[in-house]
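# Structure at a glance
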Amino acid sequence: MMPLDGAPVRLAFALHNHQPVGNFDSVFAEAVERAYRPFLDALARHPGVRLSMHWSGPLFEWLEKHEPSILDALGTLCSRGQVELLSGGYYEPILAVIPPWDQQGQIERMNGYLKARFGVTARGAWIAERVWEPDLPDALSRAGIEYTLVDDHHFLLAGADSGTLREPYWVESTMGRVGVFPIERELRYRIPFQPVPELLDFLRGTSRAAAGVRVFGDDGEKFGIWPRTHDWVYRDGWLESWLGALEERRAVEAMPLGDVWDAGLPARSIALPAASYPEMMLWALPAGEQVRIESEQRWLEAQGKADLARRIATGNWREFFARYPESRRLHRRVTELSAKIEHASRSCLGRTQYEEARREVHRAQCNCSYWHGVFGGFYLPHLRAAVRGHMLRADALADELQGPSSGWIVERGEEEHRLKSPRVAVGVAVNASGAIVELAERRRPHDFACVIARRREAYHARVEEAARRAGAQGEGSATAHKPETIHGSIQLKEPGLERLLQYDERPRYASQEWLLPAPEVAASGSLRALIGLGPVGLTFAPAGAGEPMAHADPLIALASMGDPRGTIEKQIAPGRDEAEFEVRFAGVPGDAWLVSEWNLSILTGAAPGRRLSLEGKAPVACSPGSTGEADSVTSMRLEDSEYLRVALTLQFEPAARVEWSPVETVSLSESGAERVYQGTAFLVGFRSGAKTGPIRIRARVEEVGAAP
């Protein structure tokens, strides 16, 4: 049926285009050719269709450098009133979890770019991952934003009647007020997957009054990048049919959010809770809870209580920091740096350096590498490394704001101490493990300790089921031609992934230690077999830097806790120059093995220029992602002369036994479940005896290869 007065259904249509900081050029280029360019071309052929679009800052920057014609085409559409550009945090941060000065700075950076490049003053904003928290109206209104859009899920959790969600609402906080449009979940699941005639019938049949407005807001990558969507949307004519229907106003009239806003301000107010889109709120939960809640929601839907199922409050985005300690650590590190730079801005004379440091912090706040679901880049090493690289650049610039420096210093924080020179940054967790959580070449920059633990994800059960199904069906089973939303399907990108599903009980940091009885090592013949995937063996706490080891200040001194065999001292100290540091151990009892695990990464396990070499009794040269073992090793070197152009050399005194193996995860992306190399675990074992002196690991970072 049509709306009551027979007028077309009003549809506010908003697209969000984004690529993360640090994504490969090839991914940007593919997105341009398969989604962004053909969509803009199609829109240009239908001048009667008007809509809202948001493009993220990382995407704008890449397009400016590589494909400025896309921006020119977008500018043409804006100038003739077809496209309303939305603002937002420039580098796509989760606004709710960054400091207030960065919230305003990120939005102002986007506002400034849109004004300079396209001549527009944005009034609306896209919120990254639609992560809402109750104080966001303060930040948005301070930055001049009048309205935004989030999911109808947020409104349902606030107790709204689903039948009234056809209009914007006022949402207030202590010092701000902003209009918020509810995005209709059903439209997200139908566009662009449902044939256009059926979609038009749905819109006509579910509209109650002409005065209301339906809101679609979702990723532009659905129109060509998601699996099997490019052919469906473009070759098979879905988009042409859809835009034609909108232009002819066949039951539906598309419009930008700004037109709806100008037609009349909100008449209602609502208090929205902390929320995101429903899939995200499930992904934030521990794996077992995700499975349980999804099962309960399906049961409610089967009982005819779909509305109640949608009102179940699940997780919130901040829970990713609890699920992934590596993400939490990076977030705290970036936030502390931001505060340091903001404080320096009040007195520093180097305004250019301050602005550069602030931009690097903003880049390091790009949300993608901090979380994981079907989307999210936590399991993608190149995205984590890129964000860490921007954090390290910000760190170096923050140091420069405080004046020129040379030599080594120690920064002592509540959870971490950092030993730093102009060349090297070594972060040490001093609250329990004493592990090295950051091992960075500061000039490139690259953090060799950017390895994550393997954890169970809720979709791993589906990986196992898909593997069983593939085994039963055999190869070559047919796949559907019509695309479907990625939230309900899973593809295995290679056979045997189920065999990689193993989970760590400890973080994958560097310099994590165990003390093993020599007879057990002799009987096992393998350090890896004794240590397994269990927790770290020795824990350390800060200690005085005294005998029996000589040392040079500054250093980080630790002592083991709670081991009946005695206290082992561990020191992280400067080496022979600014590119070298060393880890020293004393007090290791006789007839034992001290095993130090170093989880290290140069992003890929096998590629041109990536090498692992070991020197000693029997030299070894192999790829970083290989598996092996060697005795009487005097040094090992991990090198990337092709891409990162960095190397890390560890020297052992005395010679050590080294066992190594790749750390690989099974993670889910838009294209399916895949194996991802996270790094290599090196177990370095020292046999202690009556005459064994202090044990020393010297670590040297350096730049290698030609300049980029």
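Residues numbered from 1 in each chain as written. Predicted model: local features only at pLDDT ≥ 70, side-chain atom pairs only at ≥ 80, totals over all residues. Heavy atoms only, no water.

As recorded in an unreviewed UniProt entry, the chain goes by DUF1926 domain-containing protein and comes from Eiseniibacteriota bacterium. Regarding the chain, the relevant UniProt record gives this comment under Sequence similarities (unreviewed entry): "Belongs to the glycosyl hydrolase 57 family." (UniProt positions renumbered as here; feature names shortened; annotations may be inferred.)

Okay, the nonpolar core next. Proteins that are soluble and globular tend to have nonpolar side chains buried together. Within the largest apolar cluster, 70 residues are counted, with the highest numbers of intra-cluster contacts made by W132, F155 and W317. With seven residues, helix 18 (residues 381-401) is the largest single contributor of residues to this core. Per-domain counts for this core show at least three residues from each of domain 1 (9-276) and domain 2 (413-470 + 491-544 + 553-707). Among the nonpolar cores identified, the runner-up in size contains 59 residues, and L40, M53, W238 and C368 belong to it. (Core = buried A, V, L, I, M, F, W, Y, C linked by side-chain atoms within 4.5 Å. Buried < 20%, exposed > 50% of the residue type's maximum accessible area, 1.4 Å probe, protein only. Helix = DSSP H or I, 4+ residues; strand = E, 2+ residues; numbered from the N terminus. Domains from an automatic or database assignment.)

Moving on to the environment of G689. Mapped onto the elements of the fold, G689 is located in the loop between strand 25 (672-688) and strand 26 (695-703). Between the alpha carbons of G689 and A158 there is a distance of 66 Å; along the sequence they are 531 residues apart.

With that settled, the discussion passes to the side chain of S661. For S661, the position within the fold is in strand 24 (residues 646-669). The exposure class assigned to S661 is buried, which follows from its relative accessible area of 17%. If we skip the residues at most four places from it in the chain, S661 touches R528, S626, T627, T680 and A681. (Contact = heavy atoms within 4.5 Å.)

Further remarks concern the domain arrangement of the chain. Partitioning the chain into domains gives domain 1 (9-276) and domain 2 (413-470 + 491-544 + 553-707). Taking only C-alpha atoms into account, the centre of domain 1 sits 44 Å from that of domain 2.

On the basis of which strands lie adjacent, the open sheet formed by five strands has the order 10-11-12-13-14 and antiparallel pairing. Two strands close off the open sheet at either side, each with one partner strand: strand 10 (409-412) and strand 14 (446-447). Relative to strand 12 (residues 424-429), strand 11 (residues 416-420) runs antiparallel, the two being bridged by five bridges. If you follow R418 over to strand 12, its bridge partner there is G427. In the packing of helix 18 onto the sheet, contacts are made with strand 10, strand 11, strand 13 (436-441) and strand 14, and the angle to strand 13 comes to roughly 75 degrees. (Pairing = 2+ DSSP bridges. Axes fitted to C-alpha atoms, helices over the stretch in contact; angles between N-to-C directions.)

Turning to the sheet that holds strand 5 (residues 147-151), a few remarks are in order. Pairing within the open sheet is mixed, and its four strands lie in the order 4-5-7-6. Each of the sheet's edge strands pairs with one partner strand only, and the pair in question is strand 4 (124-125) and strand 6 (169-172). Relative to strand 5, strand 4 runs parallel, the two sharing two bridges. For G124, the partnering residue across the bridge sits in strand 5 and is Y147.

Glancing now at the UniProt feature "domain: Alpha-amylase/4-alpha-glucanotransferase C-terminal" (unreviewed entry) in the chain. Per the UniProt entry, the sites bearing "domain: Alpha-amylase/4-alpha-glucanotransferase C-terminal" (unreviewed entry) are residues 413-512 and 566-684 in this numbering. Secondary structure content for residues 566-684 is 0% helix and 69% strand, and the end C-alpha separation is 21 Å.

What follows deals with the packing of helix 4 (residues 100-118) against helix 17 (residues 351-364). One way to put it is that helix 4 packs onto helix 17 with a least axis distance of 11 Å and a crossing angle of 95 degrees. By the criterion of interaxial angle, the relationship of helix 4 to helix 17 is roughly perpendicular. Facing W101, D102, G105, Q106 and R109 of helix 4, the residues of helix 17 in contact are R358, R359, V361 and H362. When the residues that make up the contact of helix 4 with helix 17 are grouped by side-chain class, the tally is two nonpolar, three polar and four charged. (Parallel < 35°, antiparallel > 145°, perpendicular 65-115°, else oblique. Nonpolar A, V, L, I, M, F, W, Y, C, P; charged D, E, K, R; others polar.)

Let's shift gears to the layout of surface pockets. Here the second largest pocket is characterised by a volume of approximately 910 Å³. Lining the second largest pocket are 29 residues; nearest its centre among them are G22, A386, H390, R393 and Y643. Contributions of two or more residues to the lining of the second largest pocket are made by helix 1 (25-44), helix 2 (57-66) and helix 18. For the lining of the second largest pocket, the residue count by class is 14 nonpolar, seven polar and eight charged. When we break the lining of the second largest pocket down by domain, the ones giving at least three residues each are domain 1 (9-276) and domain 2 (413-470 + 491-544 + 553-707). (1 Å grid on protein atoms, 1.4 Å probe; cavity = no way out; pocket = protein on both sides within 12 Å on 5 of 7 lines; lining within 4 Å. Points joined across faces, edges and corners; volume = space filled by probe spheres on them.)

Before going further, it helps to examine the confidence of the model for the chain. Averaged over the chain, the pLDDT score is 92; the fraction of residues at 70 or greater is 94%. Below pLDDT 50 for its whole length, residues 545-552 participates in 22 contacts with residues either more than four positions away or in separate chains. (pLDDT = per-residue confidence, 0-100.)

Moving on: empty space enclosed by the protein. This structure, assessed with the given rule, holds six cavities of 30 Å³ or more. If you add up the space inside the largest cavity, you get close to 90 Å³. Along the walls of the largest cavity sit I94, V97, I98, W317, H331, V334, T335, Q365, C366, N367 and Y370, which together make up its complete lining. Of the residues that constitute the lining of the largest cavity, the class distribution is seven nonpolar, four polar and no charged. Approximately 60 Å³ is the volume found for the second largest cavity. E326, S327, L330, S369, Y370, F378, R384, R388 and I452 together form the lining of the second largest cavity.

Moving on, we get to the side chain of S669. Tracing the backbone through its elements, the reader meets S669 in strand 24. Residue classification places S669 among the buried positions, given a relative accessible area of 15%. Excluding its chain neighbours within four sequence positions, the residues that come into contact with S669 are V374 and E674.

Moving on, we come to the pairing of strand 8 (residues 214-219). For strand 8, the tally of buried residues reaches six of six residues, placing the bulk of the element in the interior. Two elements, strand 1 (residues 9-17) and strand 8, share six bridges in a ladder whose sense is parallel. Each bridged residue has a counterpart across the sheet, and for A14 the counterpart in strand 8 is G217.

Right, let's talk about the pattern of salt bridges for a bit. Applying the stated rule across the entire model yields 81 salt bridges. Where R418 meets E416, a salt bridge forms, and the shortest distance between an N and an O atom there is 3.1 Å. On the basis of relative accessibility, which here comes to 10%, the residue R418 falls in the buried class. A salt bridge links R508 to E597; its shortest N-O distance comes to 2.9 Å. Of this pair, R508 sits in the loop between helix 19 (460-473) and strand 15 (512-517) while E597 is found in strand 20 (residues 592-600), placing the two residues 89 residues apart along the sequence. (Salt bridge = Lys/Arg side-chain N within 4 Å of Asp/Glu carboxyl O.)

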